[in-house]
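Spelled out, the chains give:
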Amino acid sequence: MVNIINDSSFAQEINKDGAPVIVDFWAAWCGPCKMLSPVIDELSSEYGEKARFFKLNVDENPVTSMQFNVASIPTVIIFKNGKLAETLVGFRPKQAFKSAIDKYI
Amino acid sequence: MDSRYDIAIIGSGPAGLSAAINSKIRNKNIIVFGNVDLSKKLIKAPKINNYLGFYDITGVELKDKFDSHIKDMGINLIYEKINAVYAMGDYFSLLVNEKMYEASAVIIATGMEFDKPINGELKFLGKGVGYCATCDAPLYRNKVVSIIAYNKEAEEEANFVSEVADKVYYIPMYNGEYNINTDVEIVKDIPVEITGHEKVEILKLKKKNLLTQGVFVLKDSVAPDQLVPGLLIENGHIKVQRNMSTNIDGCFAAGDCTGKPYQYLKSAGEGQVAALSAVLYLDSIKNGI
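Residues numbered from 1 in each chain as written. Chains lettered and ligands numbered in written order. Predicted model: local features only at pLDDT ≥ 70, side-chain atom pairs only at ≥ 80, totals over all residues.

**Here's the deal with the overall build of chain B**
Counting its secondary structure elements, chain B contains six helices and 17 strands. Relative to a compact globule of 289 residues, whose C-alpha radius of gyration would be 19 Å, chain B shows 20 Å and is just as compact. Its C-alpha atoms give chain B principal-axis dimensions of roughly 55 × 50 × 35 Å. Looking at chain B as a whole, 43% of its 289 residues are labelled buried. Across chain B, contacts joining residues at least 24 apart in sequence account for 56% of those joining residues at least 6 apart. (Helix = DSSP H or I, 4+ residues; strand = E, 2+ residues; numbered from the N terminus. Rg over C-alpha atoms; globule rule 2.2 N^0.38 Å. Buried ≥ 20, exposed ≤ 12 C-beta atoms within 10 Å, placed from the backbone. Contact = placed C-beta atoms within 7 Å.)

Structure follows, in structure tokens:
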């Protein structure tokens, strides 16, 4: 299940220990973001409780986007224990995300 | 959007066309993207003597032979430039700006462009450097954008960005008339380096430096790993197995884009292998292997 996250709820959700948190930074006008969306949904189902997935709309949440230097979208950031662990810019196939996320499980 | 094709072939040089005819012979539903000259490189060749069966032939004559062959088989090219290929798992999405095509398998036969990236281009990719100005324009609202343009198509992108960004610099790498909005500043100079700290800050040209937050490099063809995100590249070429498969299931590559020697007959041979491998792949997924 991929939940929505925003500027106000961000810190609280990221700082929970344990499972890695994956945030998909997207916007409505971004084509590749739309292509990535079903991939993120599939990953979320496959990881279940082992990882938490969120989507953040960059147009509506400029503070968080700027805080993490999101310059190109889609950008997917993996957080572990409240800290930024890895940034993946641009669409990539599901397997590529799995290889990255598995490092933090 | 049309229905899903069996195989999409990107490129109309000897590799792409050979893949096309071999796929067609195996009764696959194909779509081939290319250009009206088939191969800009081929038509410039003054004399070819090592293409078996066609000795002492000019590039244009060989290109005409290819053209007759595909026409004879009822293969028509789509003259659209694919911006991106997304591997969705059991199919591929091919995008031409907003338009989308779907195919179960893809053969990349895009050839080899010899322009090296600008210093800093790869380092700042995704941090201010991009290859699609219209895609990323809204991110540069009220900011400065520089466009390094290698062809006329870039002019339209520049105009689009100028409506959003604070300031747009247009650095043309080609001659001619530039149909650009008056508020876009044309800078006739050569890019040397893209620099900054975490993100792009300066585009250094030979004669001066531009303070800029975005740099878009707009060329004829897109590097294969930019075209197909997730595609494995080795030594500047798409990494393939002997059967022309890449690291992405269902995605194959053929021709100059897979490596040397850059020869027409080698490309045609690889196109055939790629097509036969794609056919095998399609049959295996249909049979649930």
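The discussion continues.
**With respect to the overall build of chain A**
Scanning chain A from terminus to terminus reveals four helices and five strands. Reading chain A from its N terminus to its C terminus gives the helix and strand order β-α-β-α-β-α-β-β-α. For chain A, the C-alpha radius of gyration of 12 Å lies close to 13 Å, the compact-globule estimate for 105 residues. With respect to the principal axes defined by its C-alpha atoms, chain A has extents near 30 × 30 × 20 Å. Relative to its full complement of 105 residues, chain A shows a buried share of 39%. For chain A, the proportion of contacts with a sequence separation of at least 24, taken over those separated by at least 6, is 71%.

**Some points on the packing of helix α1 (residues 14-25) of chain B against helix α6 (residues 264-286) of chain B**
All names here are of chain B. Running from N to C, α1 and α6 cross one another at 40°; their axes reach a closest spacing of 7 Å. Considering the relative orientation of α1 and α6, their crossing is right-handed. Packed against α1, whose contacting residues are Pro 14, Ala 15, Gly 16, Leu 17, Ser 18, Ala 19, Asn 22 and Ser 23, the element α6 presents Tyr 264, Ser 267, Ala 268, Glu 270, Gly 271, Gln 272, Ala 274, Ala 275, Leu 276, Ala 278 and Val 279 at the interface. In terms of residue class, the contact of α1 with α6 is built from 11 nonpolar, seven polar and one charged. (Axes fitted to C-alpha atoms, helices over the stretch in contact; angles between N-to-C directions. Left-handed = near helix turned anticlockwise from the far one by under 90°. Nonpolar A, V, L, I, M, F, W, Y, C, P; charged D, E, K, R; others polar.)

**Regarding the nonpolar core**
Residue and element names in this part refer to chain B. By size, the foremost hydrophobic cluster in this structure holds 109 residues, and its most contacted members are Ala 8, Ile 107 and Ile 147. A total of seven residues in this core trace back to one element, the largest contributor, which is α6. Other than its neighbours up to four places away in sequence, Ile 147 contacts Ala 133, Ala 154, Glu 157, Ala 158, Val 168, Tyr 169, Tyr 170, Ile 171, Phe 216 and Leu 218. (Core = buried A, V, L, I, M, F, W, Y, C linked by C-beta atoms within 7 Å.)

**Brief notes about the environment of Arg26(B)**
Within the secondary structure layout, Arg26(B) lies in the loop between α1 and β2 (30-33). Note: C-alpha distance between Arg26(B) and Gly196(B) (170 residues apart in sequence) is 53 Å.

**Considerations on the interface of chain A and chain B**
Tallying the contact residues gives 17 residues for chain A and 19 residues for chain B. Listing elements by their share of the side of chain A that touches chain B, those giving two or more residues are α2 (31-47) and α4 (94-101) of chain A. The greatest single-element share of the side of chain A that touches chain B, amounting to three residues, is contributed by α2(A).

**Describing the confidence of the model for chain B**
Summarising the model, chain B shows a mean pLDDT of 93, and 99% of its residues fall at 70 or more. Complex prediction metrics read pTM 0.82 and ipTM 0.79. (pLDDT = per-residue confidence, 0-100.)

**Considerations on the sheet that holds strand β1 (residues 2-4) of chain A**
Residues and elements named next belong to chain A. Reading across the sheet, the five strands line up as β1-β3-β2-β4-β5 and stay open at both edges, with mixed pairing between neighbours. A single partner strand is all that each edge strand has here, and the edge strands are β1 and β5 (83-89). Pairs of neighbouring strands in the sheet enclose a mean axial angle of 25°, with direction left out of account. Alignment of strand β2 (residues 21-26) against strand β4 (residues 75-80), held across five bridges, turns out to be antiparallel. Each residue of the ladder has a partner; that of Asp 24, found in β4, is Val 76. (Pairing = 2+ DSSP bridges.)

**With respect to the sheet that holds strand β13 (residues 209-211) of chain B**
The strands making up a sheet associate through hydrogen bonds between their backbones, and the pairing can be parallel or antiparallel. All names here are of chain B. If you trace the three strands from one edge of the open sheet to the other, you get β11-β12-β13, paired in antiparallel fashion. Where the open sheet ends on each side, the last strands, each with one partner, are β11 (191-196) and β13. Along the sheet, successive strands turn relative to each other by an average axial angle of 20°, direction set aside.

**With respect to the pairing of strand β5 (residues 92-96) of chain B**
Residues and elements named next belong to chain B. Both strand β4 (residues 84-87) and β5 contribute to a ladder of four bridges, which runs antiparallel. Residue Ala 84 lies in a different strand from β5, and its bridge partner there is Leu 95. Following β4, the chain reverses through four residues before pairing antiparallel with β5; Gly 89 in that reversal takes a positive phi of roughly 115°. Bridge analysis of β5 against strand β6 (residues 99-108) gives five bridges, and the strand direction is antiparallel. Note that in β6 the partner of Phe 92 across the bridge is Ala 103. What sits between β5 and β6 in their antiparallel hairpin is a turn of two residues, with Asn 97 showing a positive phi close to 50°.

**Remarks on unusual backbone geometry**
Peptide bonds are mostly trans, and most non-glycine residues show a negative phi. Cis peptide bonds are those with omega within 30 degrees of zero, and the linkage from Ile73(A) to Pro74(A) qualifies with 5°. For Pro74(A), the position within the fold is in the loop between α3 (62-67) and β4. Although it is not a glycine, Leu38(B) sits at a positive phi angle of roughly 65°. Within the fold, Leu38(B) resides in the loop between β2 and α2 (59-72). Even without a glycine there, the phi angle at Asn235(B) is positive, about 50°.

**Some thoughts on the environment of Gly31(A)**
Structurally, Gly31(A) is set in helix α2. Spatially, the C-alpha atom of Gly31(A) lies 9.1 Å from that of Pro74(A), the residues being 43 residues apart in sequence. Sequence-distant contacts of Gly31(A), defined by excluding residues within four places in its chain, comprise Leu95(B) and Cys135(B).

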